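Chains, contacts and geometry: an overview
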Amino acid sequence: MKKSLLLLTALGAIFNVTAAGAAPSDGVEYLNSGKVLPTTLPFSEAVKVGNTLYLSGQIGNVPGSLKLAPGGIQAEAKQALENIRTSLEAHGYSMSNIVKCTAMLADMGEWGAFNDVYKTFFTPGHFPARSAFGAAGLALGARVEVECIAVTGK
């Protein structure tokens, strides 16, 4: 047992792995601009690793509040995507840097209405890869939540 523990400790040191099995936070930035959501929530707005930005899911809340934009799926989708744009720009990225999105819809019957809004935020022919699935119980009773990954050459 003692030899196994020593071997694991040595391997951890060689491969620079922490006791919990995760890589150390060197080169990882945890970002909160405060432009969309309060910075007191228990998650980062975005996490930057190298030139890749991982955005937390955005719902259609009115910036600076936890209230959803009124008007249903299309209004919430527009606000969620505006929130994504705001977060990206706060950290030096743009919508054109998005390479992957995941959309979560409270009702998959609203997929078409979501797409009508979504496609207006991107250059035709340059849409990010995307997954979409139905979800029961999004935060604050939202109709849609979208998370994205963006990459820049910087």
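What counts as what
Residue numbering note: each chain is counted from 1, following its sequence as written. Under the rules for a predicted model, residues below a pLDDT of 70 receive no local features and side-chain atom pairs below 80 are neither given nor counted, while totals for whole chains, interfaces and linings still include all residues. Note that the side-chain values use all heavy atoms of the structure and ignore hydrogens as well as water. Put simply, DSSP marks the helices as runs of H or I at least four residues long and the strands as runs of E at least two long, and each gets a number from the N terminus on. The buried label applies to any residue whose accessible area, calculated with a 1.4 Å probe on protein chains only, is under 20% of its type's maximum; exposed applies above 50%, and partly exposed to all values in between. Whether two residues are in contact is decided by their heavy atoms, any of which lying within 4.5 Å being enough. Computed with the Shrake-Rupley method and a 1.4 Å probe, the accessible areas treat only the protein chains shown as cover for residues. Throughout this description, the term nonpolar core refers to a set of buried Ala, Val, Leu, Ile, Met, Phe, Trp, Tyr and Cys residues connected via side-chain atoms within 4.5 Å. Lining residues are those with an atom within 4 Å of a point, where the points come from a 1 Å grid over the protein atoms alone and group into cavities, where a 1.4 Å probe fits but cannot get out, or pockets, open sets with protein on both sides within 12 Å along at least five of seven lines. Grid points are joined across faces, edges and corners, and a volume is the space filled by probe spheres set on the points. Classification used: nonpolar for Ala, Val, Leu, Ile, Met, Phe, Trp, Tyr, Cys and Pro, charged for Asp, Glu, Lys and Arg, polar for all others including Gly. When charges are tallied, Lys and Arg are placed among the positive residues and Asp and Glu among the negative ones, while His and the ends of the chain are skipped. Salt bridges are identified by distance alone: a Lys or Arg side-chain nitrogen within 4 Å of an Asp or Glu carboxyl oxygen. Paired strands, in this sense, are two strands between which DSSP finds at least two bridges. For the handedness criterion, the strands are oriented away from the viewer, and a crossover whose path from the first strand over the helix to the second runs clockwise is classed as right-handed. Looking at any residue, its pLDDT shows the predictor's confidence there, from 0 to 100.

1. Concerning the overall build of the protein chain
Of regular secondary structure, the protein chain possesses 3 helices and 7 strands. Along the protein chain, from the amino end to the carboxyl end, the secondary structure elements read α-β-β-β-β-α-β-α-β-β. Taking all 154 residues of the protein chain together, the buried fraction comes to 35%. Contacts spanning at least 24 positions in sequence make up 66% of the contacts within the protein chain whose residues lie at least 6 apart. Total accessible area computed for the protein chain in this model is approximately 8800 Å², and 59% of it derives from carbon and sulfur atoms.

2. A closer look at the nonpolar core
Leu53, Ile84, Leu88, Met95, Ile98, Phe114 and Val146 are the most contacted members of the largest nonpolar core, which has 24 residues in total. Elements represented by at least two residues in this core include exactly strand S3 (52–55), helix H2 (73–90), strand S5 (98–105), helix H3 (111–118) and strand S7 (144–151). Broken down by element, this core gets its largest block of residues, 5 residues, from H2. Setting aside residues up to four positions removed in sequence, leucine 53 forms contacts with Leu31, Ala46, Val47, Lys48, Leu88, His91, Tyr93, Cys148, Ile149 and Ala150.

3. As for empty space enclosed by the protein
Empty space among the atoms becomes apparent when a probe as large as a water molecule is rolled across them. This structure, assessed with the given rule, holds 1 cavity of 30 Å³ or more. Here the largest cavity is characterised by a volume of approximately 80 Å³. Every residue lining the largest cavity is counted, 13 residues in all, and those nearest its centre are Asn32, Leu37, Pro38, Phe43 and Glu45. Residues that form the lining of the largest cavity fall into these classes: 5 nonpolar, 7 polar and 1 charged.

4. Brief notes about the side chain of glutamate 145
Take glutamate 145: it is sitting in strand S7. It is arginine 143 that comes nearest to the buried, bridge-free glutamate 145 among opposite-charge side chains, at 12 Å. Beyond its immediate sequence surroundings of up to four residues, glutamate 145 is in contact with Gly57, Gln58, Ile59, Thr102, Ala103, Met104 and Leu138.

5. As for the pairing of strand S6 (residues 129–134)
Put simply, side chains in a regular strand alternate between the two faces of the sheet. Judged from the 6 bridges that link them, S5 and S6 form a sheet pairing that is parallel. Its bridge partner lying in S6, threonine 102 is registered against serine 131. Chirality of the crossover, the property in question, places the unit of S5, H3 and S6 among those that are right-handed.

6. Details of unusual backbone geometry
The phi dihedral of leucine 140 is positive, around 60 degrees, even though this residue is not glycine. Along the chain, the position of leucine 140 falls in the loop between S6 and S7. On the basis of relative accessible area, leucine 140 is assigned to the partly exposed category, the value being 48%.

7. Regarding the confidence of the model for the protein chain
Averaged over the protein chain, the pLDDT score is 86; the fraction of residues at 70 or greater is 83%. In this model residues 1–24 is a low-confidence stretch, pLDDT under 50, and it forms 5 contacts with partners more than four residues away in sequence or in other chains.

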